[in-house]
Amino acid sequence: MSDEDIVNNNLTALVVDDSPMIRKLHEMHLKKFGLKVQVAENGKNAVDLFRCGASFNLILMDKEMPIMDGAEATKELRIMGVTSMIVGVTSLDSIFERQAFMEAGLDHCFTKPLTSENIIFLLQELNNKNNEEN
Amino acid sequence: MDRNPIRRQLAIMRQSLFDQGYLDEQFIELEQLQDDANPNFVEEVVTLYFRDSARLILNIHHALYVHFSPTLFLFLFIHTHKVMILLLFFRERKPFDFKKLDGFMHQFKGSSSSIGANKVKAESTLFREYCRSANAEGCMRAFQQLKKEYATLRKKLEAYFQLARQTGPLETATRPK
């Protein structure tokens, strides 16, 4: 699949991170590939968006956030029945902590900051997932 | 080679930031995200970085240097019908909280990596090694060096963006030689 095929104007994404810099960076990364992007400052805001009826194909979830961290938010979303692709984006360097984050219900986990290669991989995974469902 | 002398100066300035190790490839990732619709994207992200990281540096500074708690000792002296009350304030030194320091520096390192702040990232790594070995003096030395690198990077990037605003951005983001 070429990079041009990857650009998708139908996909939506939610960037959940307490750092304004990371939110801006990841939002731009995703917009470059044609995604419509919203941002949330912490896990609770992300969960509240879904409770209000929002839905997203992709969620980029930071781990360390105030009020509700990424692991807790991920667990909550999965309990709510959210089937979006949830991708952890963290600077955690402990394998044990990463594993715990994955077990919260992530589909993938990457080190911050995301690169274009990471985004391409995720979009390919999303396209594969959509093809399987159709 | 750009014939415009200011744009040439900008290109040279940019190249030297990579050659001298201040920036790494992550900065190029930022540049590649910038476009006509977002012509100041890199500067905006870097500005947010310096805002976020200033707070973290202050937290680390407090955790390293402001670690005294006041304790009041009251000494009562009785001497030949006179009562002397000697109030002594002792400042007790709290032990270093290496876990807290490491946590702050972990966040700082993550932010610095996001803009490609290579030297700052390296000093952060060294600081964290000292935290893990509970080496307070090492932490203090590494923190002083980190602050120097951080201040230098800030100065260089501010000068770079000031010049960039005069000329407009370079046309292509190129990998360092």
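Please read these numbers as outputs of a predicted model, since none were measured by experiment. (Residues numbered from 1 in each chain as written. Chains lettered and ligands numbered in written order. Predicted model: local features only at pLDDT ≥ 70, side-chain atom pairs only at ≥ 80, totals over all residues. Heavy atoms only, no water.)

Engineer: Could you clarify how one ought to interpret the packing of aromatic side chains in this entry?
Structural biologist: Residues and elements named next belong to chain A. A full pass over the atoms with the stated rule returns 10 aromatic pairs over all chains. Where F50 meets F56, the ring centres are 5.7 Å apart and the plane angle is 70°; that geometry is what we call edge-to-face. With respect to class, F50 is no different from F56; both count as buried. (Phe/Tyr/Trp six-rings, centres within 6.5 Å; stacked < 30°, edge-to-face > 60°. Buried < 20%, exposed > 50% of the residue type's maximum accessible area, 1.4 Å probe, protein only.)

Engineer: Quick question: what am I supposed to make of the sheet that holds strand 3 (residues 58-62) of chain A here?
Structural biologist: Hydrogen bonds between backbone atoms are what pair the strands of a sheet, whose relative direction is either parallel or antiparallel. Residue and element names in this part refer to chain A. With parallel pairing, the five strands of this open sheet are ordered in space as 2-1-3-4-5. At either margin of the open sheet sits one strand with a lone partner, and together these are strand 2 (36-40) and strand 5 (108-111). Ignoring which end each strand starts from, the neighbouring axes of this sheet average 20° apart. As defined by bridge partners, strand 1 (residues 12-16) adjoins strand 2 across five bridges and the pair is classed as parallel. From the neighbouring strand, V16 faces strand 2, where its bridge partner is A40. Helix-sheet contacts for helix 3 (residues 43-51) involve strand 1, strand 2 and strand 3, and the interaxial angle to strand 1 is about 150°. Packed on one face of the sheet, helix 5 (residues 95-103) meets strand 3, strand 4 (85-90) and strand 5 and runs near 145° to strand 5. (Pairing = 2+ DSSP bridges. Helix = DSSP H or I, 4+ residues; strand = E, 2+ residues; numbered from the N terminus. Axes fitted to C-alpha atoms, helices over the stretch in contact; angles between N-to-C directions. Contact = heavy atoms within 4.5 Å.)

Engineer: Is there a simple way to think about the interface of chain A and chain B in this case?
Structural biologist: A common way to express how large an interface is: the accessible area buried when the components associate. In this assembly, 16 residues from chain A lie in contact with 21 residues from chain B. When chain A packs against chain B, close to 1,500 Å² is buried across both sides, 63% of that on carbon and sulfur atoms. It is M21, K24 and M28 of chain A in chain A that bury the most area against chain B; as a group they hold 40% of the surface buried on that side. At the surface where chain A touches chain B, the tally comes to two salt bridges. One salt bridge connects K32 of chain A with D35 of chain B, and the closest N-O pair in it is separated by 2.9 Å. Where chain A touches chain B, the interface holds five residue pairs in polar contact (both at pLDDT 80 or more). Counting residues per element, the ones that place at least two in the side of chain A that touches chain B are helix 2 (20-32) and helix 6 (116-133) of chain A. (Buried area = accessible area lost by both parts, 1.4 Å probe. Salt bridge = Lys/Arg side-chain N within 4 Å of Asp/Glu carboxyl O. Polar contact = N/O pair within 3.5 Å; in protein donor to acceptor, adjacent residues only side chain to side chain.)

Engineer: Explanation requested: the pattern of salt bridges in the structure shown.
Structural biologist: Side-chain pairs of opposite charge can arise whenever the charged atoms involved come near each other. Tallied over the entire structure, the rule returns 15 salt bridges over all chains. Between R14 of chain B and E31 of chain B there is a salt bridge, and its shortest N-O distance comes to 2.8 Å. Of this pair, R14 of chain B sits in helix 1 (residues 5-19) while E31 of chain B sits in helix 2 (residues 25-33), and the two are 17 residues apart along the sequence. On the accessibility criterion, R14 of chain B (3% relative accessible area) is buried. Beyond isolated ion pairs, a larger network of salt bridges with shared partners links D17, D62 and K112 of chain A.

Engineer: Please clarify how the pairing of strand 1 of chain A should be interpreted in this entry.
Structural biologist: Regular strands place side chains that alternate from one sheet face to the opposite one. Residue and element names in this part refer to chain A. Counting buried residues in strand 1 gives four out of five residues, a clear majority hidden from the surface. Considered for its hand, the β-α-β crossover made up of strand 1, helix 2 and strand 2 is right-handed. Bridge count between strand 1 and strand 3: four bridges; the pairing is parallel. Paired with L14 across the two strands is I59, which belongs to strand 3. (Right-handed = clockwise from strand over helix to strand, strands pointing away.)

Engineer: What exactly am I supposed to notice about the environment of R51 of chain A here?
Structural biologist: Residues and elements named next belong to chain A. Tracing the chain through its elements places R51 in helix 3. By relative accessible area, R51 is classed as exposed at 51%. The sequence separation of R51 and V82 amounts to 31 residues, and the corresponding C-alpha distance is 10 Å. Contacts of R51, omitting those with residues within four sequence positions, involve E76 and M80.

Engineer: Just to check I follow, could you spell out the nonpolar core for this structure?
Structural biologist: Soluble globular proteins tend to bury their nonpolar side chains together. Counting 47 residues, the largest nonpolar core has F27, Y49, L101, F108, I115, F127 and L157 of chain B as its most contacted members. Of all the elements, helix 3 (residues 41-65) of chain B adds the most residues to this core, at 12 residues. In this structure L101 of chain B touches I60, A63, L64, F96, F127 and C131 of chain B, once residues within four positions along its chain are discounted. Of all hydrophobic cores here, the second largest spans 20 residues; its members include V16, F56, L77 and A104 of chain A. (Core = buried A, V, L, I, M, F, W, Y, C linked by side-chain atoms within 4.5 Å.)

Engineer: Whenever I open this one, the side chain of S124 of chain B confuses me. Can you help?
Structural biologist: Residues and elements named next belong to chain B. Its location among the elements puts S124 in helix 5 (residues 118-132). The class of S124 is buried, set by a relative accessible area of 0%. If we ignore the near neighbours within four places in the chain, the residues touching S124 are M105, F108, K109 and L146.

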